[in-house]
Amino acid sequence: MCGAYRGYRLLIKKTIMTLNAVLVEASAFRALYFRGAKKMKHSNQQSDESQSDDPDLGSKTDLSLSTEDLFKKLDATQEGLNQSEVEKRLARFGRNALAEKKESPILKLLTYFWGPIPWMIEIAAMLSALISHWTDFTIITILLAFNAMVGFWQERQAASAVDALKRQLAIKSRAKRDGKWIEVNSETLVPGDIIRLRLGDIVPADVKLLDGEYLSVDQSALTGESLPVDKKPGESAYSGSVVKQGEMLALVVGTGSNTFFGRTAKLVSDASSPSHFQKAVLNIGNYLIKLSLGLVVVLVGVQLIRGSQVLKILEFALILTVASIPVAMPAVLSVTMAVGAVALSGMKAIVSRLESIEEMAGMDILCSDKTGTLTQNRLKLGDPVVFGNASVKDLILAGSLASKEENRDPLDLAVMAGLKPEWGFERYEQTRFVPFDPVKKRTEAEVSSPDGYGFKVTKGAPQVILDLCHMNNGQAAPVDSRVEEFARKGYRTIGVARTDKNGGWNFLGLLPLFDPPREDSASTVKQAREHGVSVKMVTGDNAAIAREISGQLGLGTKITPADKFFGKTDQIEHGAVKAIESADGFAQVFPEHKFEIVKALQTNGHIVGMTGDGVNDAPALKQADVGIAVSGATDAARAAADLVLTAPGLSTIVRAVEAARRIFERMNSYAIYRITETIRIMIFVVLAMIVFDFYPITALMIILLAILNDVPIMTIAYDNTWLDPKPVRWDMRRVLVTSTVLGTIGVIETFGLLYAARVFFHVDLAQIQSIIFLKLAIAGHLTLFVARSKKPFYAKPYPAPILLFALVITKAIASMIVGFGWLVTAIPWTWVGYIWLYCLVWIFVEDWAKLKVYDYFEKHLDSNALAAAYQTT
């Protein structure tokens, strides 16, 4: 029995590890780049296989070769490849992905016949054969096969659900094909492709850098270096590193397993602590295992003292234990989440970690980006404000020349939308471009005019541009005044400057940009609050802009600049946690501020969601209980997130929260039902055998009960559920108390029926066993109707048709088994009707008790106590 206990814990851990492994592949980021790995083991020697003498290009290309030699060896040009050549190279080198080891389905199925639980069933089958109980032997063998098929099917279902999500999260790259820049799946990159690397991109292959000012990459996952490494044209960048700053063109040299990463990567899984879901599953499992094993020990001891046949009592005890221990519970709960994750993907919210669904259901604070989430992310150029001798033409033209159209940056496109054809923008040549980064807060370009005159242009944060132009306080005052004026109207402004003939910077003026709130944002914020989720705006804009937009959306106007909470070390100052908790939003936020804001809120017991889109948002997304990469986020942000949005807007997040709470309710219902059933069967059987000294049901009946109970319960993943208006969390006290109360009532009602049949009606033993079998079969799933709702069982939402149909069919089968005498002793059909009526009466008693338990917890367990219970679950 101790082996079964240890085996069950191993089984739970194996199930969780298996699903985590599957979910690690839930996006192409994780499949290609092994997101989340903290440690890499480097081989001291390069793999001989990867350094074979295969003459094929791309299979052993040396990145140390010069750029010219690489172009020759790869038969490539600066114009990229044409599509027909790409197809040929794909066929030759394969897709740009690390090979995934595929396990034979037959071998996988056979593993379900090996382990502590299968061993117990197999031993029970052998004991049945030894005492010549061939019917029992046959049914036990069927149970063994059934358990194996159920486990195999559940894991396949979860894997299929995750594969569907994986396809939707395929990483994209910008490649030059047929002379044009297009977006392609990174898996289709081949040696010889020309690609563009930008801030936030994950380098999709081993590349040679070609053209650009500089590139700063984080390759800590490959080399362990803690600081980003600066790269220049002619140097190499490796697959899996992350672009932190800069922009460059690059030549793809190695793909898939022929990359540095593919040849040497030996990653160790992230040693993170178990999630609340995993802890809840282990707690439930431990509770049931200890209860079951304790009762079985009592039963075996009593029966041996009475002189029962050793083999028979051991067979019965083994079968009773197997039927009582919730072997399938981890898989059922995980499949419920996997099915829910697929449903979420239909809402444009793709889950990359199953356990995050549970965290999402309990989220009570959402820190939301302004741009693209609360606003439309469709910047519109307002009326330009010129300074000095500049004209509107000079201002917009310089701002456009400091942009790069092919990057499709919303701000750049908004500025360039102000160009007029007669200004001759296309006659200027941009000879050098330095992209925007969060530190410098500006872009810069070197430009050659139509007459050959060279100059520089820049655009960015007004204060940064003013400092660049060395304007004194008196000169900067009118600019600051106009910036504040625009901010009060909700406009964001960028400053523009251009160099003169002497190379000095001249301030040209301001370009006001307005990003209007999304039409559904105000109503969605209200809806989120009705769901118990407090939305806090987080933006890099100044406080005036943030306050204006926040007020329009009904978020409140208590907007505080983030630097008010931070000391010189960017750490939250002492005593600022309460102020952060009470703020409506935060302005002038840097990425490192987001991380500390999340930590501060978590210290007060909040479950925090954080949205982000940039590479520097990754730490905050990882720290948050629910990291959300918004639509259009960089590859690095998406790789760090638990939830990836493929549609803009806050409404997508609110719908995901609603779906997560419904998924959580299904898991909670199943947990209560399963604990109740174990208590009901175990305590009743042991009590009946001690009191009456006979088997109230046979080993065969226990097996039939297990089959009839497990088949329909899988459909709970599709059940209709009540939407809780408040965040929901695992409350093990409520789960265990509710289950224990319902289980105890079940023991009383079953024992009462047994006592009446034996003492008052003098029914013979065989028919008593059939009566008890039918009663347990009917009452079990009627209890599910009680457990699935916090309201009366007959109130809306009603059970899903598929769940109701499955339960009705299995109960009808149980009734026919005893009515027609299939494998058991037959009882009159009138008795079948009375048993149904008896169970239906008791369901009202169970429901009344459930409501009393919930009412007690609502009155005596406040939100702080629940949060504390959640943290220690």
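Calculation criteria
- Residues numbered from 1 in each chain as written.
- Predicted model: local features only at pLDDT ≥ 70, side-chain atom pairs only at ≥ 80, totals over all residues.
- Heavy atoms only, no water.
- Helix = DSSP H or I, 4+ residues; strand = E, 2+ residues; numbered from the N terminus.
- Buried < 20%, exposed > 50% of the residue type's maximum accessible area, 1.4 Å probe, protein only.
- Contact = heavy atoms within 4.5 Å.
- Areas by Shrake-Rupley, 256 points an atom, 1.4 Å probe, with all protein chains shown as cover.
- Pairing = 2+ DSSP bridges.
- Axes fitted to C-alpha atoms, helices over the stretch in contact; angles between N-to-C directions.
- Parallel < 35°, antiparallel > 145°, perpendicular 65-115°, else oblique.
- Left-handed = near helix turned anticlockwise from the far one by under 90°.
- Polar contact = N/O pair within 3.5 Å; in protein donor to acceptor, adjacent residues only side chain to side chain.
- Nonpolar A, V, L, I, M, F, W, Y, C, P; charged D, E, K, R; others polar.
- Core = buried A, V, L, I, M, F, W, Y, C linked by side-chain atoms within 4.5 Å.
- Salt bridge = Lys/Arg side-chain N within 4 Å of Asp/Glu carboxyl O.
- Phe/Tyr/Trp six-rings, centres within 6.5 Å; stacked < 30°, edge-to-face > 60°.
- Lys NZ or Arg CZ within 6 Å of the ring centre and 35° of its normal.

1. Examining the overall build of the protein chain
Helix and strand counts for the protein chain stand at 31 helices and 26 strands. For the protein chain, with 873 residues in total, the buried portion stands at 55%. Relative to all contacts within the protein chain whose residues are 6 or more apart in sequence, the contacts with residues 24 or more apart total 74%. Carbon and sulfur atoms form 57% of the exposed surface of the protein chain, whose accessible area is close to 36700 Å².

2. Observations concerning the sheet that holds strand 22 (residues 559-561)
Spatially, eight strands are ordered 12-26-25-24-13-21-23-22 in an open sheet, and the strand pairing comes out mixed. The outermost strands of the open sheet, each flanked by one partner alone, are strand 12 (349-351) and strand 22. Averaged over all adjacent pairs, the angle separating strand axes in this sheet is 20 degrees, with direction ignored. Looking at chain direction, strand 22 and strand 23 (residues 585-587) are connected through three bridges and run parallel. Looking at the pairing, Pro561 lines up with Ala587 of strand 23.

3. Side note on the sheet that holds strand 7 (residues 229-231)
Pairing in this open sheet of three strands is antiparallel, and the strands run 7-6-9 from one edge to the other. Each having just a single partner strand, strand 7 and strand 9 (242-246) make up the two edges of the open sheet. Averaged over all neighbouring strand pairs, the angle between strand axes comes to 35 degrees, with direction disregarded. Alignment of strand 6 (residues 215-218) against strand 7, held across three bridges, turns out to be antiparallel. Bridge pairing links Leu215 to Lys231 in strand 7.

4. Structural notes on the packing of helix 27 (residues 732-760) against helix 28 (residues 765-787)
Running from N to C, helix 27 and helix 28 cross one another at 155 degrees; their axes reach a closest spacing of 11 Å. Between helix 27 and helix 28, the angle falls in the class roughly antiparallel. Handedness of the crossing formed by helix 27 with helix 28: right-handed. Seen from helix 27, the contacting residues are Leu742, Gly746, Glu749, Thr750, Leu753, Leu754, Ala757 and Arg758; seen from helix 28, they are Ile768, Ile771, Ile772, Lys775, Leu776, Ala779 and Val786.

5. Re the side chain of Asp617
Mapped onto the elements of the fold, Asp617 is located in the loop between strand 24 (608-612) and helix 23 (618-623). A residue is classified by how much of its surface remains accessible, and Asp617, at 6% relative accessible area, is buried. At 3.2 Å, the side chain of Asp617 forms a polar contact with the side chain of Lys594. Setting aside residues up to four positions removed in sequence, Asp617 forms contacts with Pro591, Lys594 and Gly612.

6. Things to note about the packing of helix 27 against helix 30 (residues 829-860)
Packing of helix 27 against helix 30 leaves a shortest axis separation of 10 Å and a crossing angle of 155 degrees. Considering the angle they form, helix 27 stands roughly antiparallel to helix 30. The two elements helix 27 and helix 30 cross, and the hand of that crossing is right-handed. Every residue of helix 30 that contacts helix 27 at Arg733, Arg734, Val737, Thr738, Val741, Leu742, Ile745, Ile748, Glu749, Gly752 and Leu753 is listed here: Tyr838, Trp842, Val845, Glu846, Ala849, Lys850, Val853, Tyr854, Phe857 and Glu858. Classifying every residue of the contact of helix 27 with helix 30 gives 13 nonpolar, two polar and six charged.

7. Description of the pairing of strand 3 (residues 180-185)
Pairing analysis gives six bridges linking strand 2 (residues 172-177) to strand 3, with the strands arranged antiparallel. Among the inter-strand pairings, Ala175 is bridged to a residue of strand 3, identified as Ile182. Hairpin geometry of strand 2 and strand 3 is characterised by an intervening segment of two residues between the two adjacent antiparallel strands and by a positive phi of about 55 degrees at Asp178.

8. Digging into the pairing of strand 2
One ladder, built from three bridges, connects strand 2 with strand 4 (residues 194-197); its direction is antiparallel. Among the inter-strand pairings, Arg174 is bridged to a residue of strand 4, identified as Arg196.

9. Description of the environment of Val439
Along the chain, the position of Val439 falls in the loop between strand 16 (429-434) and strand 17 (442-448). Along the sequence, Val439 and Gln245 sit 194 residues apart, while their C-alpha atoms lie 9.2 Å from each other.

10. Digging into the nonpolar core
Counting residues in each nonpolar core, the largest one holds 125 residues, and the members touching the most others are Phe316, Ile357, Ile697, Trp730 and Phe773. Element by element, the count of residues in this core is highest for helix 25 (residues 650-692), at 24 residues. Counting 27 residues, the second largest nonpolar core, distinct from the first, contains Ile580, Ala583, Val589 and Ala640.

11. Section: helix 20 (residues 543-553)
Residues of helix 20 that are buried: Ala543, Ala544, Ile545, Ala546, Ile549, Ser550 and Leu553. Positive phi appears at Gly554, one or two residues downstream of helix 20, with a value of about 80 degrees.

12. Here we look at the pattern of salt bridges
The final tally for this structure, using the stated rule, is 32 salt bridges. Among the salt bridges present, the one from Glu444 reaches Lys456, with a minimum N-O distance of 4.0 Å. Here Glu444, found in strand 17, pairs with Lys456, found in strand 18 (residues 454-460); they are 12 residues apart in sequence, far enough to count as distant. Note on Lys456: relative accessible area 32%, which makes it partly exposed. One salt bridge connects Glu485 with Lys489, and the closest N-O pair in it is separated by 3.9 Å. Given a relative accessible area of 30%, Glu485 falls into the partly exposed group.

13. Overview of unusual backbone geometry
Both trends apply: most residues other than glycine have a negative phi, and most peptide bonds are in trans. A cis geometry characterises the amide bond from Lys796 onward to Pro797, with omega recorded as 5 degrees. Of note in this structure, Lys348 is not a glycine but carries a positive phi near 70 degrees. One can find Lys348 in the loop between helix 12 (329-345) and strand 12. Relative accessible area serves as the criterion here: at 43%, Lys348 is assigned to the partly exposed category.

14. Observations regarding the packing of aromatic side chains
In this structure the tally under the stated criterion is 19 aromatic pairs. Ring centres 5.4 Å apart and planes at 20 degrees place the aromatic pair Phe820 and Trp822 in the stacked group. With relative accessibility at 48%, the residue Phe820 sits in the partly exposed group. An angle of 55 degrees between the planes, with centres 6.3 Å apart, marks the rings of Tyr838 and Trp842 as tilted. Placement of the pair is Tyr838 and Trp842 together in helix 30, with a separation of four residues, close to one helical turn. Members of the aromatic cluster, joined through ring pairs, are Phe692, Phe694, Phe751, Tyr755 and Phe760. Stacked on the ring of Trp181, the Lys or Arg Arg196 has its end atom at 4.7 Å from the ring centre. Above the ring of Phe455, the side-chain terminus of Arg498 is found at 3.8 Å from the ring centroid.

Coordinates in, geometry out; function isn't part of it.
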